[in-house]
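Working through the structure, step by step
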Amino acid sequence: MANGLLAQYTPGLTKHSNLLQAAGSTLTATGFPIYTCPGSTLTSGTLRVSNTSGSAATVDVAIIEWTDALQLATPAGPATFESYSIGGGSPAIATSHYIIGTWNSTQFQTNEVVTWTNTNVTNPLDGTNNHSAKVAYWDSGNTKLWLYDMSHPAAATSYTAPTDVVVTGASGATLSLGPSYAGSQAARGNEGRIRYYDGYDGVVHVNNPETENNLKFKYLETLGNPGGLGERKTSLNGAAYVTDMYNNLKLRPWATTITLVDAVAGTTSTPVTEIVDDSGTEIEVASVLGVRPENYIVKEVSVNDNATLEIPGIVLGQYQTLYVACAAQVQFSLVGFEEANTVSAY
């Protein structure tokens, strides 16, 4: 359990990265999910906003239970958002990663592990060029394999030149792509565990595994930190905890377009992002939000220069996240404590 200073963030100044960033390069943002309550934990605290930016600044604060909200495109014809079958899988996955290629006629199985090699991309888990993913959905009619739990988001799309690649499943199924396989393609998109689907408004709420604040979202629901693969990033406390954690923030939000690679010619395009539902229906993503209107606890509140705003009484349950945003470089500091709590379900 961490106590004292739990999180600290300055928009436009605090740096983050992601696996698609060039080595040594960093990003900044005006809004960020700065702290997530760990599993089997209850967090209480006060958020302090300190403004020394030189002028008044407007701040937003929200509590969310996901990282990305995918607004689906309005269905055509008589269909409605409720017509889609979303979130019924185990696990429930949304993904826009896929490959199309030449199939060996052995059926891929949902959730089976598939593997391949890409000498141009390093697997961050083991430092090799061996890569893996799991099958989210297999569309045999179009030989289209939807993937999740990618070892690297670019593992199937980044090649210095078009190269023949064979993706092999544990079942013995294979899908081949590259210059020798006409029509083969690979899509680099995003993925996430579905938190819930709002069938009335057509919004899929997901937890993005490429997000890291105090927790590594790739390992949510894996308590502790066994061999570095648990959800917690550090077991330190106080200021040392925050320094350790915030030197390694990661964020790559979902986007409304993907990078689609022609595996024969090596050319790329950026079509609209699509996900596939449990029945195989492909659905366009119209927009992506990090916060929805109902999530704000503070919205467009002005903080004068050389002034401080305090928001006491913040209580977060398991996997609830504190999101902050400001166009100016104000400092957000969450001070509080974590308390072990028995949670029966997520």
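Refer to the preceding data block for the structure.
Please read these numbers as outputs of a predicted model, since none were measured by experiment. (Residues numbered from 1 in each chain as written. Predicted model: local features only at pLDDT ≥ 70, side-chain atom pairs only at ≥ 80, totals over all residues. Heavy atoms only, no water.)

So, on to the overall build of the protein. Across its full length, the protein holds one helix and 24 strands. The C-alpha atoms of the protein give a radius of gyration of 21 Å, which matches the 20 Å a tight globule of 346 residues would have. Principal axes of the C-alpha set define a box for the protein whose edges measure 65 × 50 × 45 Å. Classification of the 346 residues of the protein by burial places 49% in the buried group. A total accessible area of about 14800 Å² is found for the protein, and carbon and sulfur atoms account for 49% of it. In the protein, the 15 positive side-chain charges and the 29 negative ones have mean positions that sit 7 Å from each other. (Helix = DSSP H or I, 4+ residues; strand = E, 2+ residues; numbered from the N terminus. Rg over C-alpha atoms; globule rule 2.2 N^0.38 Å. Buried < 20%, exposed > 50% of the residue type's maximum accessible area, 1.4 Å probe, protein only. Areas by Shrake-Rupley, 256 points an atom, 1.4 Å probe, with all protein chains shown as cover. Lys, Arg positive; Asp, Glu negative; His and termini not counted. Charge placed at Lys NZ, Arg CZ, Asp CG, Glu CD.)

Let's shift gears to the nonpolar core. Ile34, Leu47 and Phe332 are the most contacted members of the largest nonpolar core, which totals 29 residues. Membership of the second largest hydrophobic core comes to 19 residues, among which are Leu145, Val167, Ala173 and Leu175. (Core = buried A, V, L, I, M, F, W, Y, C linked by side-chain atoms within 4.5 Å.)

Turning to the side chain of Thr273, a few remarks are in order. Within the secondary structure, Thr273 sits in the loop between β18 (268-269) and β19 (274-276). A polar contact of 3.0 Å, which involves the side chain of Thr273, links it to the backbone nitrogen of Thr257. If we ignore the near neighbours within four places in the chain, the residues touching Thr273 are Ser96, Trp254, Ala255, Thr256, Thr257, Ile258, Ile283, Glu284 and Val285. (Polar contact = N/O pair within 3.5 Å; in protein donor to acceptor, adjacent residues only side chain to side chain. Contact = heavy atoms within 4.5 Å.)

One pass over the structure, following the stated rule, counts 11 salt bridges. Here Lys299 makes a salt bridge to Asp60, at a shortest N to O gap of 3.9 Å. Within this pair, whereas Lys299 is found in strand β21 (residues 296-303), its partner Asp60 is found in strand β4 (residues 57-64), the two being separated by 239 residues in sequence. Overall, the relative accessible area of 42% leaves Lys299 in the partly exposed class. (Salt bridge = Lys/Arg side-chain N within 4 Å of Asp/Glu carboxyl O.)

Here we come to the packing of aromatic side chains. By the definition in use, this model includes four aromatic pairs. When the ring of Tyr9 is compared with that of Phe32, the centres are 5.0 Å apart and the planes differ by 20 degrees; the resulting orientation is stacked. Here Phe32 lies in strand β2 (residues 31-36) and Tyr9 lies in strand β1 (residues 3-9), a separation of 23 residues in the sequence. When the ring of Trp103 is compared with that of Trp138, the centres are 5.1 Å apart and the planes differ by 65 degrees; the resulting orientation is edge-to-face. On the criterion of sequence distance, the pair formed by Trp103 in strand β8 (residues 102-103) and Trp138 in strand β10 (residues 130-139) is long-range, its members being 35 residues apart. For Trp103, a relative accessible area of 23% puts it in the partly exposed group. A residue is classified by how much of its surface remains accessible, and Trp138, at 10% relative accessible area, is buried. Here the aromatic cluster, defined as three or more aromatic residues joined through ring pairs, consists of Trp103, Phe108 and Trp138. (Phe/Tyr/Trp six-rings, centres within 6.5 Å; stacked < 30°, edge-to-face > 60°.)

One open sheet holds the four strands; their spatial order is β2-β23-β4-β21, and the pairing between them is antiparallel. The open sheet terminates on both sides in strands that have one partner only, identified here as β2 and β21. Neighbour to neighbour, the strand axes of the sheet diverge by 20 degrees on average, direction disregarded. Here β4 pairs with β21 via five bridges, running antiparallel. (Pairing = 2+ DSSP bridges. Axes fitted to C-alpha atoms, helices over the stretch in contact; angles between N-to-C directions.)

Quick look at the pairing of strand β20 (residues 282-289) now. The pairing of strand β5 (residues 68-72) with β20 spans four bridges and is antiparallel. When the sheet's bridge partners are listed, Gln71 is paired in β20 with Ser287. Note that β19 and β20 share three bridges and pair antiparallel. For Ile275, the partnering residue across the bridge sits in β20 and is Ile283. Hairpin remark: β19 followed by β20, antiparallel, with five residues in the connecting loop; positive phi at Gly280, about 100 degrees.

For Glu65, the location among the structural elements is in the loop between β4 and β5. By relative accessible area, Glu65 is classed as partly exposed at 29%. A distance of 3.1 Å separates the side chain of Glu65 from the side chain of Gln320, its partner in a polar contact.

What follows concerns the side chain of Thr43. Within the secondary structure, Thr43 sits in strand β3 (residues 41-51). Judged by its relative accessible area of 2%, Thr43 is buried.

With that out of the way, let us pick up the environment of Val335. Summarising the element assignment, Val335 is placed in strand β24 (residues 331-340). C-alpha separation for the pair Val335 and Val49, spaced 286 residues apart in sequence, amounts to 11 Å. Residue contacts for Val335: discarding those within four places in its chain leaves Gly4, Leu5, Ser44, Gly45, Thr46 and Arg48.

Let's shift gears to the pairing of β24. With six bridges joining them, β1 and β24 adopt antiparallel strand pairing. What sits directly across from Gly4, in β24, is Gly336. Summarising the sheet, β3 and β24 pair through 10 bridges and their orientation is antiparallel. Residue pairing in the sheet places Leu47 in a bridge with Leu334 of β24.

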